[in-house]
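Survey of secondary and tertiary structure
The chain contents come next:
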Amino acid sequence: TQLLEQSPQFLSIQEGENLTVYCNSSSVFSSLQWYRQEPGEGPVLLVAVVTGGEVKKLKRLTFQFGDARKDSSLHITAAQPGDTGLYLCAGVDNNAGNMLTFGGGTRLMVKP
Amino acid sequence: NAGVTQTPKFRILKIGQSMTLQCTQDMNHNYMYWYRQDPGMGLKLIYYSVGAGITDKGEVPNGYNVSRSTTEDFPLRLELAAPSQTSVYFCASSPIRWDTQYFGPGTRLTVL
């Protein structure tokens, strides 16, 4: 079982729609990172959140870290085809060897 | 700066063969990591290094070996390739332990 569960696993939407993807765990994380990965490339960091309740905005993307630092969400407003990709969350669990653990990812397709 | 470079991009191995996946970074990062990504999945940590001469096991180290003789290079060795090692391998580096990961483009390995 994944330490970090991402949902949904797959999402196919039309351009202009809004969406939210989730990253959940029973563990507490000292920090949580979101990456986007395009086909044939390595993941690229979008944002890192470190404080419970923290909200960060990156243009049309809004990231939230849960108050208890066990979960996070990524909301995209007015999705565009360029948002297509695999979204990965990753967290550092101080009680699990202090390693960075990745979730299974949400594969997003935005159709024009 | 080239960032993190990996060679080769693609490789097909026969069962029992060995090979070394090369990884080099030019950002002077102390921390380097090897991950594998199976189809449709997130990333699993194989090995990591906190500096030249120091390496440690990650979540899935069996069947792999690493060395870190310089800050720049972190090669991953497969001694007896098995079909279960068919995957995409990513090398990453970071300036701070478990901080933002800078990924290479990946090596797609198939073991037949």
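Structure shown above.
These lines cover the structure that appears in this document, whether it is placed above or below. Since we're looking at a predicted model, the values are computed, not measured.

Quick look at the packing of aromatic side chains now. Given two aromatic rings, one states the distance between the centres and the angle between the planes to describe the pair. All told, the structure shown has 11 aromatic pairs over all chains when counted by the stated rule. Taken together, a centroid distance of 5.7 Å and an interplanar angle of 45° make the contact between Tyr 35 of chain A and Phe 102 of chain A tilted. In this pair, Tyr 35 of chain A sits in strand S4 (residues 31-37) while Phe 102 of chain A sits in strand S10 (residues 100-102), placing the two residues 67 residues apart along the sequence. Judged by relative accessible area, Tyr 35 of chain A falls into the buried class, the value being 0%. Their ring planes at 75° and their centres at 6.3 Å tell us that Phe 102 of chain A and Phe 103 of chain B sit as a pair that is edge-to-face. Residue Phe 102 of chain A is located in strand S10, and its partner Phe 103 of chain B is located in strand S10 (residues 102-103); the two belong to separate chains. Like Phe 102 of chain A, the residue Phe 103 of chain B is buried in the burial classification. Members of the aromatic cluster, each reached through a chain of ring pairs, are Tyr 35 and Phe 102 of chain A together with Tyr 33, Tyr 35, Tyr 48, Phe 90, Trp 98 and Phe 103 of chain B. Just above the ring of Phe 74 of chain B sits the side chain of Arg 68 of chain B; from NZ or CZ to the centre is 5.9 Å.

For the peptide bond that leads from Ser 7 of chain A to Pro 8 of chain A, omega is -10°, which places it in the cis range. Among the secondary structure elements, Pro 8 of chain A is positioned in the loop between strand S1 (5-7) and strand S2 (10-14). With an omega of -5°, the peptide bond running from Thr 7 of chain B to Pro 8 of chain B counts as cis. Relative to the helices and strands, Pro 8 of chain B is located in the loop between strand S1 (4-7) and strand S2 (10-13). A positive phi is found at Lys 59 of chain A, a non-glycine position, where the angle reads about 55°.

This next bit is on the nonpolar core. It is characteristic of soluble globular proteins that their nonpolar side chains tend to be buried jointly. Residues and elements named next belong to chain A. Leu 19, Leu 32, Trp 34, Phe 63, Leu 74, Ile 76 and Leu 108 are the most contacted members of the largest nonpolar core, which totals 21 residues. Elements represented by at least two residues in this core include exactly strand S3 (19-24), S4, strand S5 (44-49), strand S7 (61-65), strand S8 (71-76), strand S9 (85-92) and strand S11 (106-111). Apart from the residues within four sequence positions on either side, Leu 74 is in contact with Leu 19, Thr 20, Val 21, Trp 34, Leu 61, Thr 62, Phe 63 and Tyr 87.

For the rest of this paragraph, the subject is the sheet that holds strand S7 (residues 64-66) of chain B. Residues and elements named next belong to chain B. A sheet is described by the order of its strands in space; here 4 strands give the open sequence S1-S3-S8-S7, paired in antiparallel fashion. Strands at the two margins of the open sheet, each flanked by one partner only, are S1 and S7. On average, adjacent strands in this sheet sit at an angle of 20° to one another, irrespective of strand direction. Relative to strand S8 (residues 76-78), S7 runs antiparallel, the two being bridged by 3 bridges. Within the sheet, the bridge partner assigned to Tyr 64 lies in S8 and is Leu 78.

Reading the values: the criteria
Sequence positions are assigned chain by chain, starting from 1 and proceeding in written order. Ligands are numbered from 1 and chains lettered from A, in the order in which they are written. Totals for whole chains, interfaces and linings use every residue, but because this is a predicted model, local features are given only for residues with pLDDT of at least 70 and side-chain atom pairs only at 80 or more, for both listing and counting. Think of the side-chain values as coming from all heavy atoms in the structure, minus any hydrogens and water. Ring pairs are drawn from Phe, Tyr and Trp, using the six-membered ring of Trp, whenever the two centres fall within 6.5 Å, and their geometry is named by plane angle: stacked under 30 degrees, edge-to-face over 60, tilted for the rest. Working definition: helices are DSSP H or I runs of at least four residues, strands are E runs of at least two. Numbering for both runs from the N terminus. Here the term buried applies to any residue with accessible area under 20% of the maximum for its type, exposed to any over 50%, and partly exposed to those in between, with areas from a 1.4 Å probe on protein chains only. Criterion for a charge above a ring: Lys NZ or Arg CZ within 6 Å of the ring centre, and within 35 degrees of the ring normal. Each nonpolar core is a collection of buried residues, namely Ala, Val, Leu, Ile, Met, Phe, Trp, Tyr and Cys, held together in the definition by side-chain atoms within 4.5 Å. Two residues qualify as a contact provided that any one of their heavy atoms is within 4.5 Å of a heavy atom in the partner residue. In this description, strands pair whenever DSSP reports at least two bridges between them. In this analysis an axis means a line fitted to C-alpha atoms, helices contributing only their contacting stretch, and an angle means the value between N-to-C directions, from 0 to 180 degrees.

Keep in mind that these numbers describe shape and distance, not what the molecule does.
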